[in-house]
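Geometric and topological summary
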Amino acid sequence: MIIRFLIFVFCFVALVSTQAQDEGATPLLPRKDAAVWGYYELEARVTKGLWVHYKNQFRFNENITRFDYTFFDVGVDYQPYSWMSLSGAYVLNLKNHMQRGLLYRYQVYGNVTFKHRFRAFRISSRNQFQTNIEDVFVTTEIYNGESIFYRNKVAARWYMNQRWRFQASGEAYFRLGPRPPGEDYVYRQRYILGLRHRFSRLDQIEVYYLFQNQIRQRRPDHIFVVGIGYTRSFRF
């Protein structure tokens, strides 16, 4: 219990961290944008506690007028204990660059999630290490090659009944290793409110609102997102 408490304290500190500007840098007004994100995912149980998954997400930005980004995620999820789960995946990303057209990159990630249950509530802390989240499509943003990021996401879920679930979460990205000049170790912050409905034994749909503060640049991005997603489960 003490270990779990320390984990959640660390998560809280991570989420309230903010970026410190260089003393010599002149801050610019944040760029604001509205977006729509959609996703679908398929998951299949191999054995008790072991799942494989496939996920695809697509995003429209510039006030929902332009296709911007999509990714394809293939991985494995394993839950050895009721209070802990592990997962890892390979991700292919496609980005519709403003000048260069459709470009791609790949990522590999692994994470460990700690969970705690209290009646109808679930609290979790996901701790993820992810490669190459840097926007490598613009060469001026590359800094010392590959990047590794630590992502910490704290989520609280309320299971209102067997079909409806409400969720609130906060997530912070931390840049590990060398950083571009003038940038802090905090890279991005996300906050989400969502509602999920299980309309059959194997099918779920989710709608959510997301605010993202992108602080990797001297001019940050504030993105306001409406999202919708669908999940289909299988059993071998």
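This is a predicted model, so every value here is computed, not measured.

Our focus in this paragraph is the overall build of the protein chain. Broken down by element type, the protein chain carries one helix and 11 strands. Considering the protein chain as a whole, with its 236 residues, one finds that 42% of them fall into the buried category. On the protein chain, roughly 13,500 Å² of surface is accessible, and the fraction owed to carbon and sulfur atoms is 63%.

Looking at the element boundaries, Trp37 is found in strand 1 (residues 31–47). Judged by relative accessible area, Trp37 falls into the buried class, the value being 5%. With 27 residues separating them in the primary sequence, Trp37 and Ile64 have C-alpha atoms 9.3 Å apart. Beyond its immediate chain neighbours, meaning those up to four positions away, Trp37 contacts Gln57, Phe58, Arg59, Phe60, Arg190, Tyr208, Leu210, Gln212, Val225, Val226, Gly227 and Ile228.

Next up on the list: the nonpolar core. Of all hydrophobic cores here, the largest spans eight residues; its members are Ala35, Trp37, Tyr39, Ile192, Tyr208, Leu210, Ile223 and Val225. The set of elements that each furnish at least two residues to this core consists of strand 1, strand 10 (203–214) and strand 11 (221–235). A total of three residues in this core trace back to one element, the largest contributor, which is strand 1. Beyond its immediate chain neighbours, meaning those up to four positions away, Ile192 contacts Gln167, Ala168, Ser169, Tyr208, Tyr209 and Leu210.

Our focus in this paragraph is the pairing of strand 3 (residues 66–81). In this structure, strand 2 (residues 50–61) lies alongside strand 3, joined through 12 bridges in antiparallel fashion. In the sheet register, His53 faces strand 3, and the bridge partner there is Gly75. In this structure, the hairpin formed by strand 2 and strand 3 is closed by a connection of four residues, where Glu62 is found at a positive phi of approximately 50°. Where strand 3 lies against strand 4 (residues 84–97), 11 bridges are found, and the strand directions are antiparallel. Within strand 4, the position partnered with Asp73 by the bridge is Val91.

Turning to the sheet that holds strand 10, a few remarks are in order. One closed barrel accounts for 11 strands, arranged 1-2-3-4-5-6-7-8-9-10-11; its pairing is mixed. Across the sheet, the mean angle separating the axes of adjacent strands is 20° when strand polarity is ignored. Bridge count between strand 9 (residues 186–198) and strand 10: 11 bridges; the pairing is antiparallel. When the sheet's bridge partners are listed, Arg196 is paired in strand 10 with Glu206.

Attention shifts here to the confidence of the model for the protein chain. Model confidence for the protein chain is summarised by a mean pLDDT of 83, while 79% of its residues fall at 70 or above. Of all helices and strands in the protein chain, the one with the weakest mean pLDDT is helix 1 (residues 2–15) (43), whereas strand 2 scores best (97). Every residue in residues 1–26 is under pLDDT 50, and counting partners more than four places away or in other chains gives 40 contacts. Low pLDDT, under 50, characterises residues 136–145; the stretch is placed with 19 contacts to residues that sit more than four places away or in other chains.

On the surface, a cluster of positive charge is made up of Arg45, Lys48, Arg201 and Arg235. By the secondary structure assignment, Arg235 is in strand 11.

On to the packing of aromatic side chains, then. Taken as a whole and assessed by the stated rule, the structure comprises 14 aromatic pairs. Arranged with centres 5.9 Å apart and planes meeting at 65°, the rings of Phe60 and Phe67 form a pair that is edge-to-face. By relative accessible area, which is 31% here, Phe60 ends up partly exposed. Note on Phe67: relative accessible area 30%, which makes it partly exposed. Each member of the aromatic cluster is reached from another via a ring pair, and the members are Phe129, Tyr150, Phe174 and Tyr185. The aromatic ring of Tyr173 is capped on one face by Arg188, whose charged end is 4.8 Å from the ring centroid. Sitting above the plane of the Phe234 ring, Arg232 keeps its charged end 5.3 Å from the centroid.

The sheet contact formed by strand 1 and strand 2 spans 11 bridges and is antiparallel. Note on strand 2: the bridge partner recorded for Glu41 is Lys55.

Reading guide: rules and limits
Residues numbered from 1 in each chain as written. Predicted model: local features only at pLDDT ≥ 70, side-chain atom pairs only at ≥ 80, totals over all residues. Heavy atoms only, no water. Helix = DSSP H or I, 4+ residues; strand = E, 2+ residues; numbered from the N terminus. Buried < 20%, exposed > 50% of the residue type's maximum accessible area, 1.4 Å probe, protein only. Areas by Shrake-Rupley, 256 points an atom, 1.4 Å probe, with all protein chains shown as cover. Contact = heavy atoms within 4.5 Å. Core = buried A, V, L, I, M, F, W, Y, C linked by side-chain atoms within 4.5 Å. Pairing = 2+ DSSP bridges. Axes fitted to C-alpha atoms, helices over the stretch in contact; angles between N-to-C directions. pLDDT = per-residue confidence, 0-100. Patch = residues over 30% accessible without salt bridge, like charges linked within 9 Å, V, L, I, M, F, W, Y side chains within 5 Å. Salt bridge = Lys/Arg side-chain N within 4 Å of Asp/Glu carboxyl O. Lys, Arg positive; Asp, Glu negative; His and termini not counted. Charge placed at Lys NZ, Arg CZ, Asp CG, Glu CD. Phe/Tyr/Trp six-rings, centres within 6.5 Å; stacked < 30°, edge-to-face > 60°. Lys NZ or Arg CZ within 6 Å of the ring centre and 35° of its normal.

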